[in-house]
Amino acid sequence: MQFPSIGLSTWVTIALALSCLFSPIPVQALEPHDQIEWSELVDVEAQNFEDPFTELDSTQLFQLSEIARIRQDATEGSIEAQVMQKAETRLEELEGKLRAQGVDVDWLISQRWIVAERRHNAYWRGNAELRNKRVSLVGYVVPTLQVSTGAWVAFFVPQAGMCSHLPPPPPNQLIRIEDAKTEEMVFSRMEPVEIIGTLIENRSTELVNVVDGLLEMNSAWLLEAESLVRVSTSQPAMLRPGILRK
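Residues numbered from 1 in each chain as written. Predicted model: local features only at pLDDT ≥ 70, side-chain atom pairs only at ≥ 80, totals over all residues. Heavy atoms only, no water.

A. Main features of the confidence of the model for the chain. On average, residues of the chain score 79 in pLDDT, and 76% of them reach the 70 mark or higher. Ranking the elements of the chain by mean pLDDT puts helix 1 (residues 8–19) last with 48 and helix 5 (residues 105–124) first with 95. When the criterion is pLDDT under 50, residues 1–6 qualifies, and its contacts beyond four places in sequence or with other chains add up to 16 contacts. Low pLDDT, under 50, characterises residues 180–186; the predicted model gives this stretch 29 contacts beyond four residues in sequence or across chains. (pLDDT = per-residue confidence, 0-100. Helix = DSSP H or I, 4+ residues; strand = E, 2+ residues; numbered from the N terminus. Contact = heavy atoms within 4.5 Å.)

What follows is the structure, given as structure tokens:
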């Protein structure tokens, strides 16, 4: 089944549909909150780890993965007897090439799942100090259509164009919006807004339909929004370096 990309008229429908969910709230009625930057959403400690695979070039990474596959097939007995000799010859050839380049094959293979877990944490883990805190944050709203239910859902991102013509940010810098209340919801996707609300660490994965087609949105945060207003800024939000590792 194929889903059509969302056109301009549909974005207007989305904005109008979402506006029905939002009601104005006087600014003076809001409780105190912390103004934060997008980079603060990230668990900094989760970013600080050694990744020995970044020192390898694409050829070395491919050869290392082939070695790991051949070794696993041999251990599981999935290599047929008649091709086992060829596999052993290929394995010896690859190991020899990498070791001649100073690559510690055995150690790197032993580290692959450890590093994979660290990369996963760096990609997903949010700043624990912001859990359940009332904050204000400037970014861009991406209203879109949920494929599974057909319901409207909105996401908050640090840069204009993300999730449309640009890839989405990492999950720990992608916020799903819930229960927003604002004076206006008919605004441009390229227009910066400030949202005040409570941040909740809540991991979710949604398949949605955006301008360029279907997209999986992985979010580590849920924002119970209370107000949304337009802002004037020429400064793009900055992502924390290093978090784009997967």
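Continuing now.
B. Broad picture of the environment of Thr-149. Examined against the element boundaries, Thr-149 turns out to sit in the loop between strand 2 (134–146) and strand 3 (152–157). Thr-149 gets classed as exposed once you look at its relative accessible area, which sits at 55%. Placed 58 residues apart in sequence, Thr-149 and Leu-207 show a C-alpha to C-alpha distance of 10.0 Å. (Buried < 20%, exposed > 50% of the residue type's maximum accessible area, 1.4 Å probe, protein only.)

C. Fine view of the packing of helix 3 (residues 58–76) against helix 4 (residues 81–100). One way to put it is that helix 3 packs onto helix 4 with a least axis distance of 10 Å and a crossing angle of 145 degrees. Both helix 3 and helix 4 take part in a crossing whose hand is left-handed. Touching Gln-60, Gln-63, Leu-64, Glu-66, Ile-67, Ile-70, Arg-71 and Ala-74 of helix 3 are Met-84, Ala-87, Arg-90, Leu-91, Leu-94, Glu-95, Lys-97, Leu-98 and Arg-99, all from helix 4. Taken together, the residues of the contact of helix 3 with helix 4 break down into nine nonpolar, two polar and six charged. (Axes fitted to C-alpha atoms, helices over the stretch in contact; angles between N-to-C directions. Left-handed = near helix turned anticlockwise from the far one by under 90°. Nonpolar A, V, L, I, M, F, W, Y, C, P; charged D, E, K, R; others polar.)

D. Molecular detail of the pattern of salt bridges. Taken as a whole, this structure holds 15 salt bridges when the rule is applied. The salt bridge involving Arg-90 is made with Glu-93; its shortest N-O contact spans 3.4 Å. Placement of both Arg-90 and Glu-93 in helix 4 is noted, with a separation of three residues, approximately one turn of the helix. (Salt bridge = Lys/Arg side-chain N within 4 Å of Asp/Glu carboxyl O.)

E. Summary view of empty space enclosed by the protein. This structure, assessed with the given rule, holds one cavity of 30 Å³ or more. Taken as a whole, the largest cavity encloses approximately 30 Å³ of empty space. Together, Val-135, Leu-137, Ile-175, Ile-195, Leu-199 and Leu-223 line the largest cavity. At the level of secondary structure, the elements contributing two or more residues to the lining of the largest cavity comprise strand 2 and strand 5 (193–210). In terms of residue class, the lining of the largest cavity is made up of six nonpolar, no polar and no charged. (1 Å grid on protein atoms, 1.4 Å probe; cavity = no way out; pocket = protein on both sides within 12 Å on 5 of 7 lines; lining within 4 Å. Points joined across faces, edges and corners; volume = space filled by probe spheres on them.)

F. How the structure looks around the pairing of strand 3. Across the six residues of strand 3, five count as buried, placing the element largely inside the fold. Across six bridges, strand 2 lies against strand 3 in antiparallel orientation. Across the sheet, residue Thr-144 finds its bridge partner in strand 3, namely Val-153. Hairpin geometry of strand 2 and strand 3 is characterised by an intervening segment of five residues between the two adjacent antiparallel strands and by a positive phi of about 80 degrees at Gly-150. The pairing of strand 3 with strand 4 (residues 175–178) spans three bridges and is antiparallel. By the bridge assignment, Phe-156 is partnered in strand 4 with Ile-175. (Pairing = 2+ DSSP bridges.)

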